[in-house]
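Listed below are the residues making up each chain.
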Amino acid sequence: QVQLVESGGGLVQAGGSLRLSCTASGHTINDYCMSWFRQAPGKEREFLAGVSWNGITTDYVKSVEGRFTTSRDTAKNTVYLEMDPLKPEDAAVYYCGASRWRFGVTRAPRDYDYWGQGTQVIVSS
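Residues numbered from 1 in each chain as written. Predicted model: local features only at pLDDT ≥ 70, side-chain atom pairs only at ≥ 80, totals over all residues. Heavy atoms only, no water.

### Observations regarding unusual backbone geometry
The bulk of non-glycine residues show a negative phi, and the bulk of peptide bonds are trans.
Right, so step 1: Of note, the bond from Asp84 into Pro85 is cis; its omega dihedral lies within 30 degrees of zero at -5°.
Right, so step 2: Mapped onto the secondary structure, Pro85 falls in the loop between β8 (78-83) and β9 (92-99).
Right, so step 3: Here the phi dihedral of Asn77 falls at roughly 55°; this positive angle occurs in a residue that is not glycine.
Right, so step 4: Along the chain, Asn77 falls in the loop between β7 (68-73) and β8. (Helix = DSSP H or I, 4+ residues; strand = E, 2+ residues; numbered from the N terminus.)

### Looking at the packing of aromatic side chains
Right, so step 1: Applying the stated rule across the entire model yields six aromatic pairs.
Right, so step 2: Both rings, one in Tyr32 and one in Tyr114, keep their centres 6.1 Å apart while their planes meet at 75°; by these two values the pair is edge-to-face. Of the two residues, Tyr32 sits in the loop between β3 (18-25) and β4 (33-39) while Tyr114 sits in strand β10 (residues 114-115), which places them 82 residues apart along the sequence. As far as burial versus exposure is concerned, Tyr32 and Tyr114 are alike and both buried.
Right, so step 3: A ring pair is formed by Phe37 and Phe47, whose centres lie 5.6 Å apart and whose planes are at 80°; its orientation type is edge-to-face. Of this pair, Phe37 sits in strand β4 while Phe47 sits in strand β5 (residues 46-51); the two residues are ten residues apart in sequence, bridging distant segments of the chain.
Right, so step 4: For Phe37, a relative accessible area of 0% corresponds to the buried category.
Right, so step 5: In textbook terms, an aromatic cluster arises when at least three aromatic residues are bridged by ring pairs, as seen for Phe37, Phe47, Tyr112 and Trp115.
Right, so step 6: One residue, Arg45, lies across the ring of Tyr95, its end atom 3.7 Å from the ring centre.
Right, so step 7: The ring of Trp115 carries the charged tip of Arg45 above its face, separated from the ring centre by 4.6 Å. (Phe/Tyr/Trp six-rings, centres within 6.5 Å; stacked < 30°, edge-to-face > 60°. Buried < 20%, exposed > 50% of the residue type's maximum accessible area, 1.4 Å probe, protein only. Lys NZ or Arg CZ within 6 Å of the ring centre and 35° of its normal.)

### So, the side chain of Thr106
Right, so step 1: By the element assignment, Thr106 lies in the loop between β9 and β10.
Right, so step 2: A distance of 3.3 Å separates a polar side-chain atom of Thr106 from the backbone nitrogen of Ala108.
Right, so step 3: Residues in contact with Thr106, not counting those within four places in the same chain, are Cys33, Ser35, Phe47, Ser99, Trp101, Asp111 and Tyr112. (Polar contact = N/O pair within 3.5 Å; in protein donor to acceptor, adjacent residues only side chain to side chain. Contact = heavy atoms within 4.5 Å.)

### Details of the environment of Val61
Right, so step 1: Assignment of secondary structure puts Val61 in the loop between β6 (58-60) and β7.
Right, so step 2: When its relative accessible area of 17% is taken as the criterion, Val61 is described as buried.
Right, so step 3: When the C-alpha atoms of Val61 and Glu46 are compared, they prove to be 9.1 Å apart, with 15 residues separating the residues in sequence.
Right, so step 4: Not counting residues up to four positions away in its chain, the partners in contact with Val61 are Phe47, Leu48 and Arg107.

In short, geometric facts, not functional conclusions.
So, in structure tokens, the structure goes:
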């Protein structure tokens, strides 16, 4: 069993930045593809960025490529999502997920075995 806890969300002005953290417990993140998703009200959960289980591969959805960066610190068992610059349309609840996927990064939410509780990001225009 893996427990994931996100933090770092909040209110930020458009053009600003935030760094989200997702700390895992119960198992090392080295065995999991770790990804970030977001879900806005009335919308489906959307893949944003992920890093493969071995740390070799990263993947970004086009809408955040060049603005968001995901990384992991295996010593801290934590993954990060740095977001800069933020736009009003980035407002959502952000989730991290852990998947046993072994072929790079999977974008499908159904492939993720564990989820955090989410952290809210609000972007004012």
